[in-house]
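Below, each chain spelled out in residue letters.
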Amino acid sequence: FKPAVDAYNIAKGKKQEQGSLLDPLAELTIIKAIEIFAESIPGVVIQLMAIITGGDDVAAWVSVVVSALTTGYGGAVISYDYDTDPVKREF
């Protein structure tokens, strides 16, 4: 539930709390980056290895394309969140 809570806090404009290490946008960005590098990229690699060793199944290729697009979307959302953050745009 952590990503949902972070997204809610960002949508509501919640500021960094006293004593917290990071603001909500930085927390969400770190969680998304960890998800991309620890889950999405290895998943695509495993799918490609299965295709290479198992044959040419159309459903497997569709799965790889969907996974790659989802990973790319995650990276684009991270960039978009930083580009549209009013505090970050002041710099």
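In case you missed it, the structure is sitting above this.
The sections below set out a description of the structure shown in this document. Not measured: the values here are computed from a predicted model.

1. A closer look at the pattern of salt bridges
1) Next: Under the definition given, this model contains one salt bridge.
2) Next: Between Asp 81 and Lys 32 there is a salt bridge; the shortest N-O distance is 3.2 Å. In this pair, Asp 81 sits in helix α3 (residues 58–84) while Lys 32 sits in helix α2 (residues 24–54), placing the two residues 49 residues apart along the sequence.
3) Next: Assessed through its relative accessible area of 18%, Lys 32 is described here as buried.

2. Thoughts on the side chain of Thr 29
1) Next: Checked against the element boundaries, Thr 29 lands in helix α2.
2) Next: Setting aside chain neighbours within four positions, we find Thr 29 in contact with Ile 78 and Tyr 82.

3. A word on the environment of Ile 52
1) Next: In this structure, Ile 52 sits in helix α2.
2) Next: Looking at Ile 52, the relative accessible area reads 70%, which means it is exposed.
3) Next: A sequence separation of 34 residues divides Ile 52 from Gln 18, and the C-alpha atoms of the two residues are 52 Å apart.

Criteria and cut-off values
- Residues numbered from 1 in each chain as written.
- Predicted model: local features only at pLDDT ≥ 70, side-chain atom pairs only at ≥ 80, totals over all residues.
- Heavy atoms only, no water.
- Salt bridge = Lys/Arg side-chain N within 4 Å of Asp/Glu carboxyl O.
- Helix = DSSP H or I, 4+ residues; strand = E, 2+ residues; numbered from the N terminus.
- Buried < 20%, exposed > 50% of the residue type's maximum accessible area, 1.4 Å probe, protein only.
- Contact = heavy atoms within 4.5 Å.

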